[in-house]
Amino acid sequence: MNKYEKESRLLHGGDYNPDQWLKHPNILADDITLMQKAHINAVSVGIFAWSALEPIEGQFNFTWLDKIMDDMAKISVNVLLATPTGARPAWMSQKYPEVLRTNARREKMLHGGRHNHCFTSPVYREKTAIINEKLAERYKDHPALFMWHISNEYNGECHCPLCQQAFRIWLQNKYRDITTLNDTYWSTFWSHTYNDFSQIESPSPIGETGIHALNLDWRRFVSHQTIDFYKNEISPLRKLTPHVPVTTNFMGRFPGPHPFDGLDYAKFAKEVDIISWDSYPAWHNDYETTEFLASKLAFLNDYFRTLKDKPFLILESTPSLVNWHPINRAKRPGMHMLSSMACLAHGADSIMYFQFRKSRGSSEKLHGAVVDHDNSAENRVFKDVADVGQALERLKNIKGAATPAKVAVLFDLENHWALADAQGFTNNDKKYPRDVHAHYKAFWDKSIAVDVVTKDKDLTKYQLVVAPMLYVMDAKLIADLAAYVHQGGRLVSTYMMATADENDLVYPGTPQALRDVFGINILETDTLYPSHRNGFALGGKEYTTMDYCAVIETCGADVLAAYNQDFYKDTPALTKNTHGKGCAWFLAARTNADFLTDFYAPIIAELGLTIPPITSPPGVSVQMRENNSGKYFFVLNYTEEQQVITLAHPMEDMLTGQTIPQGKSVMNPYETRILM
Amino acid sequence: MNKYEKESRLLHGGDYNPDQWLKHPNILADDITLMQKAHINAVSVGIFAWSALEPIEGQFNFTWLDKIMDDMAKISVNVLLATPTGARPAWMSQKYPEVLRTNARREKMLHGGRHNHCFTSPVYREKTAIINEKLAERYKDHPALFMWHISNEYNGECHCPLCQQAFRIWLQNKYRDITTLNDTYWSTFWSHTYNDFSQIESPSPIGETGIHALNLDWRRFVSHQTIDFYKNEISPLRKLTPHVPVTTNFMGRFPGPHPFDGLDYAKFAKEVDIISWDSYPAWHNDYETTEFLASKLAFLNDYFRTLKDKPFLILESTPSLVNWHPINRAKRPGMHMLSSMACLAHGADSIMYFQFRKSRGSSEKLHGAVVDHDNSAENRVFKDVADVGQALERLKNIKGAATPAKVAVLFDLENHWALADAQGFTNNDKKYPRDVHAHYKAFWDKSIAVDVVTKDKDLTKYQLVVAPMLYVMDAKLIADLAAYVHQGGRLVSTYMMATADENDLVYPGTPQALRDVFGINILETDTLYPSHRNGFALGGKEYTTMDYCAVIETCGADVLAAYNQDFYKDTPALTKNTHGKGCAWFLAARTNADFLTDFYAPIIAELGLTIPPITSPPGVSVQMRENNSGKYFFVLNYTEEQQVITLAHPMEDMLTGQTIPQGKSVMNPYETRILM
Amino acid sequence: MNKYEKESRLLHGGDYNPDQWLKHPNILADDITLMQKAHINAVSVGIFAWSALEPIEGQFNFTWLDKIMDDMAKISVNVLLATPTGARPAWMSQKYPEVLRTNARREKMLHGGRHNHCFTSPVYREKTAIINEKLAERYKDHPALFMWHISNEYNGECHCPLCQQAFRIWLQNKYRDITTLNDTYWSTFWSHTYNDFSQIESPSPIGETGIHALNLDWRRFVSHQTIDFYKNEISPLRKLTPHVPVTTNFMGRFPGPHPFDGLDYAKFAKEVDIISWDSYPAWHNDYETTEFLASKLAFLNDYFRTLKDKPFLILESTPSLVNWHPINRAKRPGMHMLSSMACLAHGADSIMYFQFRKSRGSSEKLHGAVVDHDNSAENRVFKDVADVGQALERLKNIKGAATPAKVAVLFDLENHWALADAQGFTNNDKKYPRDVHAHYKAFWDKSIAVDVVTKDKDLTKYQLVVAPMLYVMDAKLIADLAAYVHQGGRLVSTYMMATADENDLVYPGTPQALRDVFGINILETDTLYPSHRNGFALGGKEYTTMDYCAVIETCGADVLAAYNQDFYKDTPALTKNTHGKGCAWFLAARTNADFLTDFYAPIIAELGLTIPPITSPPGVSVQMRENNSGKYFFVLNYTEEQQVITLAHPMEDMLTGQTIPQGKSVMNPYETRILM
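Engineer: Requested: an account of the interface of chain B and chain A, with residues and values cited.
Structural biologist: Taken together, the 53 residues of chain B in the interface contact 50 residues of chain A. Across the chain B to chain A interface the summed buried area is about 4400 Å²; carbon plus sulfur atoms make up 52%. Considering only the surface of chain B that becomes buried against chain A, Leu110, Ile327 and Arg360 of chain B emerge as the three largest contributors, covering 16% of it. Our count for the contact surface shared by chain B and chain A stands at 8 salt bridges. Residue Asp526 of chain A is joined to Arg329 of chain B by a salt bridge in which the shortest nitrogen-to-oxygen separation is 3.8 Å. Viewed at the interface, chain A and chain B are joined by 26 residue pairs in polar contact (both at pLDDT 80 or more). Going through the elements one at a time, helix H3 (50-53) and helix H5 (90-95) of chain B are the ones with two or more residues in the side of chain B that touches chain A. If you tally residues by element for the side of chain B that touches chain A, the top one is H5 of chain B, at 3 residues. Looking at the side of chain B that touches chain A residue by residue, the classes come out as 21 nonpolar, 18 polar and 14 charged.

Below, the structure written as structure tokens:
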């Protein structure tokens, strides 16, 4: 059991940057009091503290951190101790320019910002290893040391000569000989044949951008090199503190929704002990409903939960607003509790913030924090935070509780990369994340638990797998899905399916294995202009299609619906095929949400997917987690109005301790209930 | 007679890139069969094959090409053999960095993309000459060798030191002394006087952009240097294969419509044996009618036809869709035949495609082709192509048929350059091509043949010359037009006329010769905001004006219409002047199409411009070509509905062999008929 | 008394660039005639004449300028002699590359454009001093020498190593030690601590952009260095021509409205003898009314007038149109008089133009000028100019007349900088100038004179100070405003007040001094999305709020209005507090103009702010200047319709000499009257 596993509390806290306040001892003293008032039990310390820890090369100063660690231990606050490599001291850039990044335009960056380092640089790796080892040595036995917070939101890429060299070696290891690479890259096109690995340059706006397989390999290499850098970071920690778990904060992207796509989190997940992510939805915006945004947040939470198939941490969120959205709106009353419980509902075992105390200066001083510039425990935000802290204490039994999902929705990063890069169809945005989320939401709306899976996952445990818009499918994924259906699984796929392999080499028509599974063959894809529409009827109802309409022919499948317009009128728009013990649906066109809702309803019924004992109107979400202590139903009113829910039997509200009787019950706008 | 002249067939085929498939002999074998099924008789081979032909410096490999040439000869397919300079092998960039381009920002580009070479580089010219000579030596007597396809879509510019030097020499040759250049550039403005040619740099976003005459000279130099590079390319071919004609594929731009404007095609045309161009309209878009887009395509076809006053080749088009439009929509049934015949109707003697077979990988793998990834002759696109192939066989007598035009519309590239660069009026887009096309369309709508002329053309053969928006007019053009009218010609011009000379030096008022011709003097030009309107009445009908309203006074002209608003209310908006044996109209403002239609109708009637024996409703175009065998009437239904045409006498449909009786006849949506 | 003070005429003229026409002596002769016809009495000569004055390094040519000076003296035209440093000869860039600018991306610029020099370069400063000294020596006793026109529209910045070094020294002088700088920059954030001044680089898109205090210091440094360069320029002039006043042309920005924000004009103003600016509103646009644009022009005129609290010069304007607006529309009849008098109405003592004669070539040849390419005195524009010249002669008594303002509106450049850079609230545009102008217009609409003050001004002379959106307030400004109110002043401020100090360090809550003054405390600020609204009622009328709604609590103030929606419903939206002998209003939210009009009406009444003896409808502005000779009322009809004004007593129209009787009187569209 590592330190995290031994902790019985749900974590509540956030980034704590005392290194900004070392000249203000009264502030540091206030921090102690305010943390306790806010029911805080965990803080991430030292994320950008390299300058404070090693102000001059080789001269280390841990005095201030010793005191913080001791203080935290005294008030039973767990410290997620950060390695400080998210930004580095100015002296290092000055003395060792090789640590500075080079951008894709081949400009050497100046010192500044953060994550501005070369991941390949031997100097930077050495300096990183030294500071990390020093931290581990000093605090390995400190009672406050709870978890390692490695660097911060890894991202970005470097195109310097060291990285070019590393890329070439990575390619050489992958392809062995240049001919194999040329064949894979289809480099005869435009005479792009390489004679030698030394001729390869990373993609660049002033060089090569059109070799899609090279672009994909570059993204893979950036992931590889970042993870390799991360491994270098944790190597001294693993040695000195084997009992301390390691995490690094991943990111999600709104309005996507999709995980940050600069790194392959499915690969990265294997190297961390617990998944954590930073969640910043733009609540109360004017371009989508609160409920719609909540379903995006749920999608991302389910994605991160599924990465390791267990609860995860929210390592950053804001108690009020951020400062980097186009428009930065504060959470209205009730929203902080609601949005926090929205994460717990989908598997989070923590609510943590950036940051504990607002900075006085520099670029994020207007970002929301637990403690505002007024240093008060009396303002609206602080009280909202304290309420969530109390709620987490009441909910502590939920720690580790599972989300039993029988439905999987597949989001594949390499497909996302390839579609973003693909020249064809609609060039500005093919909306892959929008599509995956749209299918996801049909289940979320009905309180059906969903795993958002990556393609490395075992699918056999699911009753239904939904895999939209899989333009890129490698041979293994095709085989996996075929086997899954053959053995009894149910599969849904859509237009663009299996256009190309993992190197973006186009298949010579729909692969036979998929023809067998779906009983269809894709003939061509009609790409529609924004104002264009087609449609089909199903069960007496008309549905609209848009953007993409694949023209298909059946080779075994039943036609459930056919297009009602254009030259492919009366050809199949929706099919179903029995294959082995399972079956597979093919949806040939993009539709609105109404179709997906109606399409999945009978499937949900047929599969007997669990419906909770709480009936709720649209906008009120019910999600369940369970463990030995029972089933927890999160009932979350994402609307700006009162709503009536109906309980099948009396239940206890874990937040208030009150019993809600059977039958109808009114929930206030943004109200949160956790019922057992 | 050169090889092309000896060929009796209309060309049908396209870019054939077997070098992408050398490891797939079964594919190469299928190619032979599929070409025959598709009625293909011409292919462009080796366009990007330099790496395949010279994989290592000085080591040439023609084996594969020998086989292709032999195979093509066997099936009577003509080979347009390409010089491979559109892209070069990686080894060359690596060994001779001088061949790499430098962009306007003075960044040395990395190897990648295509057309990424310096046109000045002695190394690149030498390497080009060598490979071209090798090709000519090897295939000069090969029966398949039909035409030279020089490089590919020449474009772009290089700002490297070698090009700067060449530019300075070009300037020195033009101006002789720096004082003349200074005077021409009006360089006293902002103290821009040069002491010496060595101080001149090409225009740059990090340097000089505001000397319009320098910008114009730079564009002229880029044309000069590109053509000079081209001459270097063809020099060994001319020597070794005097009987083989030479072309290079020009480009057109939509939605423009205008020819690619990076090169002066009027100058380039003199150096090629036959004009060819690559045509990629976005059919079925949602921002213009099919008929309107067709009129743009017609405009471009007429431009390219007029360049050498004879039929030309469509060297690239797509049988279905492209992959680089914002939205890539496939041709609906009927459109491939319709859009192909739309080119023949305006003077094309070929329909060729990019490309014969879709690539499996790299950036254009989703671009339409004759043979899809499924390698099938059974899909919709292949069958459409084969139908066009058959049609071309039926129409072979049309080869070389002329388009007798009595109306010329002038499109002047230097004016286009100057207007795009001019600071004044509406700065974002002055819409010169839109205007030229608007005048053109008034004739096209009525089946009147039009030549789209460049200013080097002899105008005396036309009954009417339309020259809108000639902001730049050099002394020769002014004199030519004046003489043309004086000798009996009819001329129409508009606002902005003769604002500046060919160095963008403003004239001191409307030049006297033009005052004489038009009987007017331009006082000022009102530039309107988008929502502003003025107007005038003519023949009892009200017309709207917009964007530009010149305020003029007459000095001899009759006022046909006067403005109805603003401070220049009641001043002339449209005038007519008799000059010598001819007359000249001046349209002072931009109008909608309705006015142009009504304005030209009586002129057309008066001139007795030929009206075809087929009456058609709007959207059904009738265009004629003629030769010894007779007159061919292309009747093209560019609407999505059935339309009724009326024949003055029975005619034969060349595509079906059937006779269409006199009187009314129904045409289906997108239907094509070629009647004699 | 300097030469300007001795001049009894209002200046009329403009930039005169004979160096463009030295090869056209007939044109130079025509200039003399045309100047006289246009009633011109002042010209700015030699602004970009360096190449003409020093064509080769060290070889000076004053012959042509001698003649121009003599010619001007002969016709009593004052010469504002320019130092020619706005652009430099090509030989200098070629021989001394250090004079070329380096942009923020660290790219060395090529020779070209203008203001492309490094302000730090010792070579450039030396060359500047030499040419300026030569000019002063030669013309110091010339009767035509009237004023020095230093360089032209100083702007831009250089990031070269010389400037980096100068910046570091400037920082060292400001902060003394690096620790103070680190504390001020809050550089512990993201580990940005500097060990040494040598590590500091100016802000860059390829380096640091997020340290707001560094960004502010960089802007201050650019101002400092530019002014320092200017001081170097004028040093020989001060020595040799102590009797000749010095100006440099400042700039205003539309649609802002705000002064050019690249330089701190409040600091710069102290170094010039008379303020002058270049005014280019886009008259007759289609996105705002003429009257609204006129109020922006008035705002800028009042800003420039207030800089030195005395009349100023319009040094550039256009008689017709410019060539660099997106759409360049000519002034309609009447507008040139109207827009010229609009400047006089607010304190201008000149109307001057860019430029006297249109250039034949280069980038500004299509910019309006007194003399058009037709070289005629008969066209509309020339006659409009001559009319203004005549009007100025009739109005000469007005020279030096004051604008007695009792209301001040504060525009603080450093606040503007900080808000533009602030990460938070609405990130794309916080609209500070829009807000300051909105308050200003409430007074302008009622013919109340307003000073647009900078924060260095003594406020005690005002009855009312309006200071909206003061996100940045330094300690001195807080103290000044508090003292102002305490001593009896009236103050209005709004949301965002005193968020941060002058280094963008956030205050720990509303500063106590301001809590005392306003009797309120800001709790948080709600940033609204564009479609969101809140509102409040006052005096039985409903008003809408948008964009920003501060949530405040009172600590002494009276609540005048409360929000009517959202979670802060019923909390104060508008308060008033008595403090010492004065009082202070706090407007918590952004409103529409209707509220500001209604809000200020009773305050204007209470303060007895002067209302003119002319009643006018909306769109007809009445503004007053006064001196010993009396009060001049400028009555300006900014509408496109006839309007009726009412005179309290008969008055004389200074332009026509006619007496307008008491009572109603009709003004034509765009009509101008100056009544006494």
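Engineer: Go over the environment of Val492 of chain A with me, naming the residues and quoting the values.
Structural biologist: By the element assignment, Val492 of chain A lies in strand E14 (residues 490-494). Put simply, Val492 of chain A and Ile552 of chain A are 60 residues apart on the chain and 15 Å apart in space, counted from C-alpha to C-alpha.

Engineer: Got a sec to walk through the relation of the copies chain A and chain C? Specific residues and values, please.
Structural biologist: Both copies of the chain are related by one operation, a rotation about an axis with a shift along it. By a simple turn and slide, chain A fits onto chain C: the slide is 0.0 Å along the axis, the RMSD is 0.0 Å, and the turn is 120 degrees. Here the transformation between the copies is reduced to the relation of a three-fold axis. In terms of proximity to the rotation axis, the leading residue of chain A is Glu107 of chain A, whose C-alpha is 5.9 Å off the axis.

Engineer: Got a sec to walk through the interface of chain A and chain C? Specific residues and values, please.
Structural biologist: Every contact between the two is made by 53 residues of chain A and, on the other side, 50 residues of chain C. When the two sides are added together, the surface that chain A and chain C hide from each other amounts to roughly 4400 Å², 52% of it contributed by carbon and sulfur. There are 8 salt bridges connecting chain A and chain C. For the pair chain A and chain C, the number of links is 26 residue pairs in polar contact (both at pLDDT 80 or more). Among the secondary structure elements, those contributing two or more residues to the side of chain A that touches chain C are helix H3 (50-53) and helix H5 (90-95) of chain A. In terms of residues, the side of chain A that touches chain C owes the most to one element, H5 of chain A, which gives 3 residues. Class assignment for the residues of the side of chain A that touches chain C results in 21 nonpolar, 18 polar and 14 charged.

Reading guide: rules and limits
- Every chain is numbered independently, its residues counted from 1 as its sequence is written.
- Starting at A for chains and at 1 for ligands, labels are handed out in the order in which the entities are written.
- Only residues with pLDDT of 70 or above have their local features reported here, since the model is predicted, and side-chain atom pairs are shown and tallied only from 80 upward, although totals for entire chains, interfaces and linings are computed over all residues.
- Side-chain numbers come from the whole structure's heavy atoms, not from hydrogens or water.
- By definition in these notes, contact holds between two residues if any of their heavy atoms fall within 4.5 Å.
- When two parts are put together, the accessible area they lose, computed with a 1.4 Å probe and summed over both, is reported as buried area.
- When a carboxyl oxygen of Asp or Glu is within 4 Å of a side-chain nitrogen of Lys or Arg, the pair counts as a salt bridge.
- In the analysis that follows, any N or O atom pair within 3.5 Å is treated as a polar contact, provided that within protein one partner can donate a hydrogen and the other can accept it, and provided that, for residues neighboring in sequence, both atoms belong to side chains.
- Segments assigned H or I by DSSP are reported as helices when at least four residues long, segments assigned E as strands when at least two residues long, and all are numbered from the N terminus.
- Amino acids outside the nonpolar list (Ala, Val, Leu, Ile, Met, Phe, Trp, Tyr, Cys, Pro) and the charged list (Asp, Glu, Lys, Arg) are all regarded as polar, and Gly is one of them.
- Each copy is superposed on the other by least squares, with the fit set by C-alpha atoms of residues at a pLDDT of at least 70 in both.

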